[in-house]
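# Observations on the three-dimensional arrangement
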Amino acid sequence: MNVRKLTVAVSPQARASYLALCTIGRRAFYTRGPTQSAYHRSDFSGQGFSSFYETDQPTRGPLGGTSNVEGSHITPKALRQHLDQFVVDQERAKVVLSVAIHEHHLRIQELRRQRDEQARLEAQAQRRASAFKHPVEDEFPGQQATVHVFNPADPPSYSDPSFTPHSSAPPEAEPLPEPFAEPLQIDKSNVLILGPTGVGKTLMCKTLAKTLGIPISMSDCTTFTQAGYIGDDVEQCVSRLFSAAGHDIEATEHGIIVLDEIDKIASAKMSYGKDVGGEGVQQALLKIIEGTTVQVRAKPEKSTGKSPSSTSGYPLDSPRIPLSGGAPGGGKDEVFNIRTDNILFICTGAFANLHKAILDRKSMGGIGFGASIRQSSSEASADGVMLRGEEAARFKKDAPFFVPPEKPNPFGGVRQKKPEEKVNVLDHVQPVDLQKYGMIPELIGRIPTVCAVSALDEEALVRVLTEPKNSLLSQEQHKFYLRNIELRFTSGALREIARKASKMGTGARGLRHVVDQLLLQAKYETPGSSVKHILVTQDVALLKIAPLYFHRGQASAFQATLTQEEEKWDEELRNKEDLSIGHVHSFEEYRKAGAAGL
């Protein structure tokens, strides 16, 4: 049987087209559905490539220049908002203290990070050194080595038979080792707060320290004397901080010391003897504020269970351990070495009559025609050494800090009373003024940040009574609540209480004196009686009548009387406003007066 072979000539172009069609058909036959994935390429398109991450190495990629310190969630604005819940007014002082304590907190974190980094580098160097040591022979110094551990860093030995010199040229000199990179040291910035008593200087320091969990101690400078005389040594302030920190050395070295009444150690001219409580105390404070080692005697509690030095994380050969030895809680005191380099010092003082030196420096005396007459010391302390009118405008021109402009009235033409412009003279204090007062220049230079606070006026004292947490009004109401008695104050009574307290010149501390005098008889008569409601009106605050008592079942009469007193007070305020705009005779004048805030 003959089989014929049919030969068909196919052009290369047709052959390529045939293969392409077969490939497409085979893919369409075997193609499966698209696989679902949990991630898409677009999910990572907004993230920069940072290569790989190693804990001991600096970050690479676009984030290489960022800080390797964990960001803090506590900001100065948050601290300021927290202070607003406890302290009324003192806006600039709140900002200064919030920034100072926040930077102190960041400085502590940076010191701890540097200490941990140094410990890690030392441990890494020890591990590298141990790789070239013999486990047995290195334990016996002087023994002849039998095993040679190769170290690439060692130079070649000529006695080694395997050594072959490559050239007769002298060996090159080894490069000098690079100097060790010292970490950046951040200096502390101590704070000095000037102002009258009873305005919240101490309360602000305590509130911020409790918020951050930093130990704080309060020391009164009036008891300090020079070493060797009767009184407390300046090292006593560090001892108080050590006790407040629970005998923890590390917490003590990162704490805050508040030196209250620092103006009482100003140097005084003495006709005889030595000023042991003035300039001598200032000289002793210099080293402590700058940074030195202070030996503190303390007897830790028996319940601690371990030495205070072990809680700080320092090695056993550190000089910070107790010098006298013995277990904590023993019969004798122990001596501890505490460094004051990282302790923040906040100094507060009234500095009475300091405003006179400032006014003299600015040539604003009280002598001559047209000159303003200076107030007495008691009136000046009660008024906060404030200037008004033209004198305030003159001082405001050369203010030592930026004063933000007033915000426009959001209500447009609605009449709103414009507050009177006031300037605190103590805001313009200079180091030369403090030197004239009696402070030595060495101490002034160690306290770079200076801030002034002003006295509280009647409006601020009314807010102190009602707004802050743990306010005086809330405390008194809670005391009567424990006796099942409701206590209420009318608006007129609060205003009269604030007016009386402002005349005392003791700030917010005068409010407690006035309130205790008003409620003394009620606290004595009402417990155990049928009285269920007590109302303090404006006439009660003026001592015209006794507090109004309402017995069981007279709740409606109590509310009616309270409402009547509030309406009476509102009517009195409206009458005062009408008198202030009595010169307006037309609607156009009324609109202009309202826009001007009159």
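Labelled according to an unreviewed UniProt entry, the protein chain appears under the name ATP-dependent Clp protease ATP-binding subunit clpX, originating from Macroventuria anomochaeta.

## Details of the overall build of the protein chain
Regarding its fold elements, the protein chain presents 20 helices and 12 strands. Out of the 598 residues in the protein chain, the part that is buried amounts to 33%. Counting every atom, the protein chain has about 39000 Å² of accessible surface; 54% of that belongs to carbon and sulfur.

## Some words on helix H5 (residues 236–244)
In an α-helix, one full turn covers 3.6 residues, which means residues spaced three or four apart are oriented alike. Among the residues making up H5, those that are buried are Cys237, Val238, Ser239, Leu241 and Phe242. Here the buried face of H5 lies against strand E2 (216–220), helix H6 (249–253), strand E3 (256–260), helix H7 (279–290), strand E4 (293–298) and strand E5 (334–339). Following H5 by one or two positions, Gly246 adopts a phi angle in the positive range, close to 70°.

## Examining the packing of aromatic side chains
Enumeration over the complete set of coordinates arrives at 3 aromatic pairs. Plain terms: the ring middles of Phe242 and Phe336 are 5.2 Å apart, the flat faces sit at 50° to each other, and that makes the pair tilted. Of this pair, Phe242 sits in helix H5 while Phe336 sits in strand E5, and the two are 94 residues apart along the sequence. Judged by relative accessible area, which is 0%, Phe242 ranks as buried. When the centroid spacing of 5.2 Å and the interplanar angle of 55° are considered together, the rings of Phe351 and Tyr437 count as tilted. A residue pair is termed long-range when its members are at least 10 positions apart, and Phe351 in the loop between strand E6 (344–349) and helix H9 (354–361) and Tyr437 in helix H12 (residues 431–437) qualify at 86 residues. The residue whose ring lies beneath Arg483 is Phe480, and the NZ or CZ to ring-centre distance is 5.2 Å.

## Points about the nonpolar core
Formed by 53 residues in total, the largest nonpolar core has its most connected members in Leu97, Ile256, Ile346, Phe489, Ile497 and Leu511. At 6 residues, helix H17 (residues 509–525) tops the list of elements feeding residues into this core. Aside from chain neighbours lying at most four places away, what touches Leu511 is Leu461, Val464, Leu465, Leu472, Ile497, Ala498 and Ala501. Among the nonpolar cores identified, the runner-up in size contains 47 residues, and Ile249, Leu259, Leu354 and Ile358 belong to it.

## Side note on the sheet that holds strand E1 (residues 191–194)
In spatial order, the strands read E2-E3-E6-E1-E9; together these 5 strands make up an open sheet with parallel pairing. Bordering the open sheet on either side are E2 and strand E9 (449–452), each of which pairs with just one other strand. Going across the sheet, the axis of each strand differs from the next one's by a mean of 20°, ignoring polarity. Two strands pair when backbone bridges link them, and E3 and E6 are joined in this way by 4 bridges, in the parallel orientation. Its bridge partner lying in E6, Val258 is registered against Ile346.

## Topic: the environment of Thr506
Within the secondary structure, Thr506 sits in the loop between helix H16 (491–502) and H17. Separated by 308 residues in sequence, Thr506 and Gly198 place their C-alpha atoms 5.7 Å apart. Setting aside chain neighbours within four positions, we find Thr506 in contact with Thr197 and Gly198.

## Considerations on the packing of helix H2 (residues 76–84) against helix H4 (residues 201–212)
Direction vectors running N to C along H2 and H4 enclose 125°, while the axes themselves pass 10 Å from each other. The orientation of H2 relative to H4 falls into the category oblique. When you trace H2 past H4, the crossing you get is right-handed. Across the interface between the two elements, Leu79, His82 and Leu83 from H2 touch Met204, Thr207, Leu208, Thr211 and Leu212 from H4. Here the residues of the contact of H2 with H4 sort into 5 nonpolar, 3 polar and no charged.

How each quantity is defined
Residues numbered from 1 in each chain as written. Predicted model: local features only at pLDDT ≥ 70, side-chain atom pairs only at ≥ 80, totals over all residues. Heavy atoms only, no water. Helix = DSSP H or I, 4+ residues; strand = E, 2+ residues; numbered from the N terminus. Buried < 20%, exposed > 50% of the residue type's maximum accessible area, 1.4 Å probe, protein only. Areas by Shrake-Rupley, 256 points an atom, 1.4 Å probe, with all protein chains shown as cover. Contact = heavy atoms within 4.5 Å. Phe/Tyr/Trp six-rings, centres within 6.5 Å; stacked < 30°, edge-to-face > 60°. Lys NZ or Arg CZ within 6 Å of the ring centre and 35° of its normal. Core = buried A, V, L, I, M, F, W, Y, C linked by side-chain atoms within 4.5 Å. Pairing = 2+ DSSP bridges. Axes fitted to C-alpha atoms, helices over the stretch in contact; angles between N-to-C directions. Parallel < 35°, antiparallel > 145°, perpendicular 65-115°, else oblique. Left-handed = near helix turned anticlockwise from the far one by under 90°. Nonpolar A, V, L, I, M, F, W, Y, C, P; charged D, E, K, R; others polar.

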